[in-house]
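# Per-entry structural report
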Amino acid sequence: MDEQTRRQRRKELEIKSVEQVGETHPEGGEPAVRWLTPEEIDELRRDMAESSAWARAELKRRR
């Protein structure tokens, strides 16, 4: 997916999210919520996996 297509898709998702929620941020007029991009979802999954591994290791260490 090229950058222009990615931007267009993101804009469509932001519009959709505003329609669903019906709110915008009071200061900037930006959507109050938005869908995460696939890259953000991947990054969140990696971060959660790292956190989970740390928590398991920490619990094991404390036992």
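Going by the structure above, here's the rest.
Predicted, not measured: the structure shown is a model, and the values here were computed from it. (Residues numbered from 1 in each chain as written. Predicted model: local features only at pLDDT ≥ 70, side-chain atom pairs only at ≥ 80, totals over all residues. Heavy atoms only, no water.)

Counting secondary structure elements, the protein chain contains two helices and zero strands. Counting across all 63 residues of the protein chain, residues that qualify as buried make up 6%. Element-wise, carbon and sulfur atoms account for 51% of the exposed surface of the protein chain, whose accessible area totals about 5,900 Å². (Helix = DSSP H or I, 4+ residues; strand = E, 2+ residues; numbered from the N terminus. Buried < 20%, exposed > 50% of the residue type's maximum accessible area, 1.4 Å probe, protein only. Areas by Shrake-Rupley, 256 points an atom, 1.4 Å probe, with all protein chains shown as cover.)

With that settled, the discussion passes to the environment of Glu 12. With respect to the secondary-structure elements, Glu 12 resides in helix α1 (residues 3-21). C-alpha separation for the pair Glu 12 and Trp 35, spaced 23 residues apart in sequence, amounts to 9.9 Å.

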